[in-house]
Protein chains: 2
Amino acid sequence: MKKKIGVVLSGCGVYDGAEIHESVLTLLAIDRAGAEAVCMAPNVDQLHVINHMTGDEMDETRNVLVEASRIARGDIKDIATVKADDIDALMFPGGFGAAKNLCDFAVNGEHCKVHPEVLRLVHEFKDKQKPQAAVCIAPALMAKIFEGTGTSPVLTIGNDADTSGKIEAMGSRHQNAAVTETVVDVENKIVSNPAYMLGQSIGEVAQGIDKTVAELMKLL
Amino acid sequence: MKKKIGVVLSGCGVYDGAEIHESVLTLLAIDRAGAEAVCMAPNVDQLHVINHMTGDEMDETRNVLVEASRIARGDIKDIATVKADDIDALMFPGGFGAAKNLCDFAVNGEHCKVHPEVLRLVHEFKDKQKPQAAVCIAPALMAKIFEGTGTSPVLTIGNDADTSGKIEAMGSRHQNAAVTETVVDVENKIVSNPAYMLGQSIGEVAQGIDKTVAELMKLL
């Protein structure tokens, strides 16, 4: 039986959803590791719809699950239907969607709220000591979810002082890392990597994500 | 100076735009080949907007260039502004967008029409004998553009008899190929590969696209 790796998407596009390169590179790394990706997303409207050419907000409403299904070629689940027992590991690609749709860290920083089904699933993973990974800005989401649990995960989002300061304000420990490096918290079974928080090319980001998935598989 | 490879996108999502995995894998292969990707798309409304979870048409209008900019992380050009002299090679990922937005092969088969700026740029490439590549359904677009030019390119879309019959009806020659194989027409400098016309996994599709980009670079 192939190991099943849940991939939590947050829309489709770096400025209002899941970062597309990071998401596809995650699916590729999982396939090459001999595992099966199980894509999922929350069934909720996006916080924003952004024109990615201009950066302007568009007067539209789009659903996170429906847009994320573009990356998954239609094969996606509502995260509300997924239990930790169904899958072996969980991975969060980045993009503003992780900080706008899975939680609202992009707006409210360390005082953000997390989508209830994302919160539930990560807590299930934590309680069952199953491994998780988060790249780009998604480690900030993990910091919020672990806040107040009595554990203080070691995470990286690269080296941005403002973001790492907020991660520490939520009770996690931040460790600087390069785009091709991972930070592995063996005790809490969390792997993190900066991805496009630092990546200057898709090739660099692919190296980091390949390494993240490899470390995640080792924790299984 | 890095070689510049134009990547013609047709939206963002397999059922109404550019196939996202194929597009990202193309950008990755170009970066790993030491070349620079130059993303472009036509500034035109999509033929359809499809809910990728259900397959149903949505009552929305989306612009091909604006949606494609999601895959390009905002770094994209209107194809109308691109000349063959600006770039060294041209590559078309697939997805229904190649057959709905770059031309209307999905609706009108061998009687399809091609977007005028796509037609112009491919003809410039042909006239200057610069290399081009097309994967998935995009070789059907190439067949239409080469129809009546006095040359009969050798192309592959895999082994689908209906589609290959239409490609031959437009005057090209079809050669069956597996997902990890390329067909290289050295005389006309066109590389093609079936990608998700046959691919059962993202890893297989990545192998085919890596090979396509490698063959394209050899033709430079």
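Residues numbered from 1 in each chain as written. Chains lettered and ligands numbered in written order. Predicted model: local features only at pLDDT ≥ 70, side-chain atom pairs only at ≥ 80, totals over all residues. Heavy atoms only, no water.

### Quick notes on the pairing of strand E1 (residues 4-8) of chain B
All names here are of chain B.
Logical step 1: Within E1, 4 of the 5 residues are buried, which leaves it mostly tucked inside the rest of the structure.
Logical step 2: When E1 meets strand E2 (residues 36-41), the two strands line up parallel, connected through 5 bridges. In the strand pairing of E2, Lys-4 is matched with Glu-36.
Logical step 3: Two strands pair when backbone bridges link them, and E1 and strand E4 (residues 89-92) are joined in this way by 3 bridges, in the parallel orientation. Looking at E4, one finds that Val-7 is bridged to Met-91. (Buried < 20%, exposed > 50% of the residue type's maximum accessible area, 1.4 Å probe, protein only. Helix = DSSP H or I, 4+ residues; strand = E, 2+ residues; numbered from the N terminus. Pairing = 2+ DSSP bridges.)

### Some points on the packing of aromatic side chains
Logical step 1: All chains considered together, the criterion is met by 2 aromatic pairs over all chains.
Logical step 2: With a centroid separation of 6.5 Å and an interplanar angle of 35 degrees, the aromatic rings of Tyr-15 of chain A and Phe-96 of chain A are classed as tilted. Remark: Phe-96 of chain A occurs in helix H3 (residues 96-100) and Tyr-15 of chain A occurs in the loop between strand E1 (4-8) and helix H1 (20-32); sequence separation between them is 81 residues.
Logical step 3: Overall, Tyr-15 of chain A belongs to the partly exposed group, its relative accessible area being 30%.
Logical step 4: For Lys-100 of chain B, the ring lying beneath its charged end belongs to Phe-96 of chain B, and the centroid distance is 5.2 Å. (Phe/Tyr/Trp six-rings, centres within 6.5 Å; stacked < 30°, edge-to-face > 60°. Lys NZ or Arg CZ within 6 Å of the ring centre and 35° of its normal.)

### Remarks on the nonpolar core
Logical step 1: Of all hydrophobic cores here, the largest spans 74 residues; its most connected members are Ile-20 of chain A together with Ile-20 of chain B.
Logical step 2: With sequence-adjacent residues up to four places away left out, Ile-20 of chain A is seen in contact with Cys-12, Gly-13 and Ile-71 of chain A together with Cys-12, Ile-20, Val-24, Arg-70 and Ile-71 of chain B. (Core = buried A, V, L, I, M, F, W, Y, C linked by side-chain atoms within 4.5 Å. Contact = heavy atoms within 4.5 Å.)

### Concerning the pattern of salt bridges
Logical step 1: Within the structure shown, the criterion is met by 24 salt bridges over all chains.
Logical step 2: Of the charged contacts, one joins Glu-19 of chain B and Arg-73 of chain A as a salt bridge, the two residues approaching to 2.9 Å between their closest N and O atoms. Pair noted here: Glu-19 of chain B is in the loop between E1 and helix H1 (20-32) and Arg-73 of chain A is in the loop between helix H2 (64-71) and strand E3 (76-78), and the two residues belong to different chains.
Logical step 3: Assessed through its relative accessible area of 24%, Arg-73 of chain A is described here as partly exposed.
Logical step 4: Across the pair Lys-218 of chain A and Glu-215 of chain A runs a salt bridge whose closest N-O atoms are separated by 3.4 Å. Within this pair, Lys-218 of chain A and its partner Glu-215 of chain A are both found in helix H8 (residues 202-218), separated by 3 residues, close to a single helical turn. (Salt bridge = Lys/Arg side-chain N within 4 Å of Asp/Glu carboxyl O.)

### Things to note about the relation of the copies chain B and chain A
Logical step 1: Rotating chain B by 180 degrees and translating it 0.0 Å along the rotation axis places it on chain A, where the RMSD comes to 0.0 Å. Such a combination of turn and shift is consistent with a two-fold rotation axis. Among all C-alpha atoms of chain B, that of Val-24 of chain B lies closest to the rotation axis, at 3.5 Å.
Logical step 2: Interface residue correspondence from chain B to chain A reaches 100%, placing this contact among same-surface, isologous pairings. (Least-squares fit on C-alpha atoms with pLDDT ≥ 70 in both.)

### Overview of the interface of chain B and chain A
Logical step 1: Residue-level contacts link 38 residues of chain B with 38 residues of chain A.
Logical step 2: Here chain B packs against chain A, burying approximately 3200 Å² in sum over the two surfaces, 58% of which is carbon and sulfur.
Logical step 3: For chain B, the biggest contributors to the area lost against chain A are Met-53, Arg-70 and Arg-73 of chain B; these three give 26% of the whole.
Logical step 4: In this structure, Asp-210 of chain B and Arg-32 of chain A form a salt bridge, with 4.0 Å as the shortest nitrogen-oxygen distance.
Logical step 5: Applying the counting rule to chain B against chain A returns 16 residue pairs in polar contact (both at pLDDT 80 or more).
Logical step 6: If you list the elements that add at least two residues to the side of chain B that touches chain A, you get H1, helix H2 (64-71) and helix H8 (202-218) of chain B.
Logical step 7: The greatest single-element share of the side of chain B that touches chain A, amounting to 8 residues, is contributed by H1 of chain B. (Buried area = accessible area lost by both parts, 1.4 Å probe. Polar contact = N/O pair within 3.5 Å; in protein donor to acceptor, adjacent residues only side chain to side chain.)

### A closer look at the environment of Gln-129 of chain B
Residue and element names in this part refer to chain B.
Logical step 1: On the secondary structure map, Gln-129 appears in the loop between helix H5 (116-127) and strand E5 (132-135).
Logical step 2: Taking relative accessible area as the criterion, Gln-129 reaches 57% and is therefore assigned exposed.
Logical step 3: Along the chain, Gln-129 and Ile-190 lie 61 residues apart, while their C-alpha atoms are 9.8 Å from each other.

### A short note on the packing of H1 of chain A against H8 of chain B
In a pair of packed helices, the angle between the axes and the distance between the axes together describe the arrangement.
Logical step 1: The N-to-C vectors of H1 of chain A and H8 of chain B enclose an angle of 105 degrees; their axes lie 8 Å apart at closest approach. Taken together, H1 of chain A and H8 of chain B sit at an angle that is classed as roughly perpendicular. Across the interface between the two elements, Val-24, Leu-27, Leu-28, Asp-31 and Arg-32 of chain A from H1 of chain A touch Ile-202, Gly-203, Ala-206 and Asp-210 of chain B from H8 of chain B.
Logical step 2: Looking at the contact of H1 of chain A with H8 of chain B residue by residue, the class counts come to 5 nonpolar, 1 polar and 3 charged. (Axes fitted to C-alpha atoms, helices over the stretch in contact; angles between N-to-C directions. Parallel < 35°, antiparallel > 145°, perpendicular 65-115°, else oblique. Nonpolar A, V, L, I, M, F, W, Y, C, P; charged D, E, K, R; others polar.)

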